[in-house]
Amino acid sequence: METTSQVGVQTPAGASVRPNASVRRTVDDFLMAPFPWYGLDGAFTGTRWLLQAGASAEGVVEHGSIGHGDQPALRAADGRDAGERDRFAVVVTVAANPVRKTGDGTGILEATSVSSAAWLAGSGLLAVTWPAQMDHGLRDDWMAQQTETAWVLADDLDSEDWASLSLPVDGEPTPFHYRESPYGWVLAGTTRRGVHLGAYGRGMSAYGLGFSAVEGIEEYV
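Just so it is clear, the structure is predicted and the values come from calculations on it, not from any experiment.

A few words now on the pattern of salt bridges. For the structure on display, the rule yields 1 salt bridge. Of the charged contacts, one joins Arg-202 and Asp-86 as a salt bridge, the two residues approaching to 3.2 Å between their closest N and O atoms. Taken as a pair, Arg-202 in strand β10 (residues 195-202) and Asp-86 in the loop between β3 (61-69) and β4 (88-95) lie far apart in primary sequence, 116 residues in all. Judged by relative accessible area, which is 4%, Asp-86 ranks as buried.

Structural data, given as structure tokens:
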């Protein structure tokens, strides 16, 4: 799966601004998706923001992420780990697709699954993580190693590395695979509406979360 580079912009509550071109493109990417987007349900009353939508080589939107709470940063200005101050949860929606041919008929696209959602959530958490006492050069090696580990974990959701967790999705109890790490938590499950859900976060407990379909994606700008 390919991912676009647009990133949502957080706007102070009550502010009235005209979205710039980059933000408009991000919203348009989300609006083109042929599936419903998910975020935290109405019990969450904090800030919500768009991250990015990912598309296939044919330009079909296949997945995307919506953030809640603080926008995570790699490092705080005072040199502390970002994890000491971030309080956020990001919900990843992945279209449930079977194995299928590419648009030109010359190749095969892999099926998406709950493991796809777990992988995107795990790699998303890594992208906003920077362990203490680590410089840029070492972080490249660390990222490569941890990304490979995240892929292996996502590919075996029945292993002892994952626990079971039941959370509401559109008001219905839904089973999820859940794991914690020193950098935050990751979970993944599926819905009855043709999408898989992943989520990752830090500073917010996963045990009290609930998910629901987003009615108006433009309200997130």
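Glancing now at the packing of helix α2 (residues 114-127) against helix α3 (residues 136-154). The contact between α2 and α3 brings their axes to 9 Å, and the two run at 160°. The orientation of α2 relative to α3 falls into the category roughly antiparallel. Judged by the twist between their axes, the crossing of α2 over α3 is right-handed. Only Arg-139, Trp-142, Met-143, Gln-146, Thr-147, Ala-150, Trp-151 and Ala-154 of α3 make contact with α2, whose side of the interface consists of Ser-115, Ala-118, Trp-119, Leu-126 and Ala-127. Looking at the contact of α2 with α3 residue by residue, the class counts come to 9 nonpolar, 3 polar and 1 charged.

Each aromatic ring pair is characterised by the separation of its centres together with the angle its planes make. Under the counting rule described, the total for this entry stands at 7 aromatic pairs. Seen from their ring centres, Phe-30 and Trp-37 are 4.5 Å apart, and the 50° between their planes marks the pair as tilted. Under the relative-accessibility criterion, Phe-30 is labelled buried at 1%. A relative accessible area of 5% means that Trp-37 is categorised as buried. Taken together, Phe-30, Phe-35 and Trp-37 form an aromatic cluster joined through their ring pairs.

Our next topic: α3. Between its terminal C-alpha atoms α3 stretches 26 Å, which fits the 27 Å expected from 19 residues at 1.5 Å a residue. The inward-facing, buried residues of α3 abut α2 and β8 (172-181).

The next thing to look at is the nonpolar core. Judged by nonpolar contacts, the single largest core of 34 residues is most densely connected at Trp-37, Leu-187 and Phe-211. Excluding residues that lie within four positions of it along the chain, Leu-187 makes contacts with Ala-121, Leu-165, Leu-167, Phe-176, His-177, Tyr-178, Leu-197, Gly-198, Ala-199, Ala-206 and Phe-211. In terms of nonpolar packing, the next biggest core, distinct from the first, is built from 20 residues, Phe-88, Val-92, Ala-117 and Leu-157 among them.

On to the confidence of the model for the protein. On average, residues of the protein score 81 in pLDDT, and 78% of them are at 70 or above. This model gives residues 1-18 a pLDDT under 50, and the stretch forms 40 contacts once residues within four places in sequence are excluded.

With 14 residues, α2 should cover 20 Å at 1.5 Å per step; its first-to-last C-alpha distance of 20 Å lies within 8% of that length. In terms of burial, α2 is a largely internal element, 11 of the 14 residues being buried. Turning to α2, its buried residues number three or more, namely Val-114, Ser-115, Ser-116, Ala-117, Ala-118, Leu-120, Ala-121, Gly-122, Gly-124, Leu-125 and Leu-126. Buried residues in α2 make contact with β3, β4, α3, β8, β9 (184-190) and β10.

As paired strands, strand β7 (residues 163-169) and β8 are joined by 7 bridges and run antiparallel to one another. Directly across from Ala-163, in β8, lies its bridge partner Tyr-178. Hairpin connection of β7 to β8: 2 residues between the antiparallel strands, including Asp-170 at a positive phi of 55°. Sheet topology places β8 next to β9; 6 bridges connect them, and they run antiparallel. Counted as the bridge partner of Arg-179 is Val-186 from β9. Hairpin connection between β8 and β9: a loop of 2 residues separates the two successive antiparallel strands.

So, how was this worked out
Per-chain numbering applies: the sequence of each chain, read as written, is numbered from 1 onward. Residue-level local features of this predicted model are given only where pLDDT is at least 70; pairs of side-chain atoms are given and counted only at 80 or more, and the full residue set underlies all totals for whole chains, interfaces and linings. Computation of side-chain values: all heavy atoms of the structure, hydrogens and water removed. The term salt bridge refers to a pairing of a side-chain nitrogen on Lys or Arg with a carboxyl oxygen on Asp or Glu at a separation within 4 Å. Only DSSP runs of H or I reaching four residues or more are called helices, and only runs of E reaching two or more are called strands; each is numbered from the N terminus. Working definition: with a 1.4 Å probe on protein chains only, accessible area under 20% of the residue-type maximum means buried, over 50% means exposed, and in between means partly exposed. Axes here mean lines fitted to C-alpha atoms, for a helix over just the part in contact, with angles spanning 0 to 180 degrees between N-to-C directions. What sets the label is the angle itself: under 35 degrees gives roughly parallel, over 145 gives roughly antiparallel, 65 to 115 gives roughly perpendicular, and the rest give oblique. Each helix crossing is assigned a hand: it is left-handed if the near helix lies turned anticlockwise from the far helix by less than a right angle, otherwise right-handed if that turn is clockwise. The contact definition used throughout considers only heavy atoms, calling two residues in contact when any of these lie within 4.5 Å. As a working rule, the residues Ala, Val, Leu, Ile, Met, Phe, Trp, Tyr, Cys and Pro are called nonpolar, Asp, Glu, Lys and Arg charged, and the rest polar, with Gly in that last group. Only Phe, Tyr and Trp rings take part, Trp by its six-membered ring, and two of them pair if their centres are within 6.5 Å. Stacked means planes under 30 degrees apart, edge-to-face means over 60, and tilted covers everything else. Residue count minus one, scaled by 1.5 Å, sets the expected span of a helix. To form a nonpolar core, buried Ala, Val, Leu, Ile, Met, Phe, Trp, Tyr and Cys residues must be joined to one another through side-chain atoms within 4.5 Å. The predictor attaches a confidence to each residue, called pLDDT, with possible values from 0 through 100. Paired strands, as defined in this entry, are two strands with at least two bridges between them according to DSSP.

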